[in-house]
Amino acid sequence: MVDASPDPDILIPPLRPGATLAVLAPAGPPRPGRLAPVEAWLSERGYRPRLLPSCYGPPALGFLAASDAQRLADLHAAFTDPEVDAVLALRGGYGCTRLLDELDTALLRRHPKLLIGYSDLTALHAVLDREGLPSLHAPMPASDWGLPGADADTDALFKGLARGWRRGDRLGLALPHPLSRGGAVRGRLIGGNLAVFAALVGTRWLPDCRGALLFIEDVSEEPYRIDRLLTQLRQAGVLGAVAGLVLGSFTDAESPDAVLADQLARLGCPVLAGWPSGHGQPNRPLPLGLMTEMDPAAGTLTLI
């Protein structure tokens, strides 16, 4: 059950033990052995799991968890079911953008619920932001939970869900990074995976980037690809519109720091680098769609 509160300082209400989490696979299929423990993991945390049909397939096109129709139906069902308190993505991969044209955004507005996930879920985070709904960039069961070294991230997720998020909460502390620069700035926190976010340019699903804080991270993208994606965002006017940039982890490829430094030299906005979220570890939960203050000198993000 989700706590209902008139307190205007509560931005994401607590998800108390006994709440029902709908688990769905809006993108890729789980790898062998990664689906079976999910119900037990959620039950051990005191929540009631409800795994939807897309989790079980059958896979489509070799890279989708299920057909577009099934994945879309599960997404709509999870948001409309009155017994479901929050929606958890099984994993990322690829496939969320295929659902956007048929997504019932009015339905999402009528039944607002917290969506939890990252990576390919960036596309759905963007849609929810356009609808004025917060969401949570956070570890997913078939991608992260139970892996060596991931316990701290999973614990941080469930601690956050149990407490909720409110104005004044400091979201974490960035690792010291030479690319951090500039003074404190405020804006709505948007973004997620760089490649997925850049793919929204030219579509009606790109969030309003004016005055926003843009969080980006990526995995398995070599520096020239990072440069291409950032060049696209710059030439599309996205990077010139944001109030600040938050750089998460860039993993499983050569460090893109030289490319990032070159691209950032063209921009005048503040930058907070070394944020502990992304495809690597740590991957701390990060609320999106909420007004946030970024302080590069202190290395903090704070909900306002």
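These lines cover the structure that appears in this document, whether it is placed above or below. If you're wondering where the values come from, they're calculated on a predicted model, not measured in any experiment.

Basis of the calculations
- Residues numbered from 1 in each chain as written.
- Predicted model: local features only at pLDDT ≥ 70, side-chain atom pairs only at ≥ 80, totals over all residues.
- Heavy atoms only, no water.
- Helix = DSSP H or I, 4+ residues; strand = E, 2+ residues; numbered from the N terminus.
- Rg over C-alpha atoms; globule rule 2.2 N^0.38 Å.
- Buried < 20%, exposed > 50% of the residue type's maximum accessible area, 1.4 Å probe, protein only.
- Contact = heavy atoms within 4.5 Å.
- Areas by Shrake-Rupley, 256 points an atom, 1.4 Å probe, with all protein chains shown as cover.
- Lys, Arg positive; Asp, Glu negative; His and termini not counted.
- Charge placed at Lys NZ, Arg CZ, Asp CG, Glu CD.
- Patch = residues over 30% accessible without salt bridge, like charges linked within 9 Å, V, L, I, M, F, W, Y side chains within 5 Å.
- Salt bridge = Lys/Arg side-chain N within 4 Å of Asp/Glu carboxyl O.
- Pairing = 2+ DSSP bridges.
- Polar contact = N/O pair within 3.5 Å; in protein donor to acceptor, adjacent residues only side chain to side chain.
- Axes fitted to C-alpha atoms, helices over the stretch in contact; angles between N-to-C directions.
- Parallel < 35°, antiparallel > 145°, perpendicular 65-115°, else oblique.
- Left-handed = near helix turned anticlockwise from the far one by under 90°.
- Nonpolar A, V, L, I, M, F, W, Y, C, P; charged D, E, K, R; others polar.

1. Looking at the overall build of the protein
Working step 1: A tally of helices and strands in the protein yields nine helices and 15 strands.
Working step 2: Against the 2.2 N^0.38 benchmark of 19 Å for 304 residues, the protein shows a C-alpha radius of gyration of 18 Å, consistent with a compact globule.
Working step 3: When its C-alpha atoms are laid out on the principal axes, the protein stretches across 50 × 45 × 40 Å.
Working step 4: Looking at the protein as a whole, 55% of its 304 residues qualify as buried.
Working step 5: Restricting the contact set of the protein to residue pairs at least 6 apart, pairs at least 24 apart contribute 78%.
Working step 6: Here the protein displays about 12,200 Å² of accessible surface, and carbon together with sulfur accounts for 53% of that area.
Working step 7: Once the 28 positive and 33 negative side-chain charges of the protein are each reduced to a mean point, those two points are 3 Å apart.

2. Points about a nonpolar patch on the surface
Working step 1: A cluster of nonpolar residues, Leu61, Phe63 and Tyr94, forms a patch on the protein surface that exposes about 310 Å² of accessible area.
Working step 2: Summarising the element assignment, tyrosine 94 is placed in the loop between strand S4 (86-89) and helix H3 (105-110).

3. Section: the sheet that holds strand S11 (residues 244-251)
Working step 1: One open sheet accounts for seven strands, arranged S8-S15-S14-S9-S10-S11-S12; its pairing is mixed. Across the chains shown, the open sheet's two edge strands, defined by having one partner strand only, are strand S8 (170-173) and strand S12 (271-272).
Working step 2: Pairing analysis gives six bridges linking strand S10 (residues 213-219) to S11, with the strands arranged parallel. Of the residues in S11, the one forming a bridge with isoleucine 216 is leucine 247.

4. Brief notes about the side chain of threonine 231
Working step 1: Among the secondary structure elements, threonine 231 is positioned in helix H7 (residues 223-235).
Working step 2: Of note is the side chain of threonine 231, whose polar atom sits 3.0 Å from the side chain of glutamine 263.

5. Notes on the packing of H7 against helix H9 (residues 257-264)
Working step 1: Close contact between H7 and H9 brings their axes to 9 Å; oriented N to C, the two are set at 20°. Put simply, H7 runs roughly parallel to H9. As H7 runs across H9, the sense of the crossing is right-handed. Between H7 and H9, the contacting residues are Pro223, Ile226, Asp227, Leu230, Thr231 and Arg234 on the first element and Val259, Leu260 and Gln263 on the second.
Working step 2: Residues that form the contact of H7 with H9 fall into these classes: five nonpolar, two polar and two charged.

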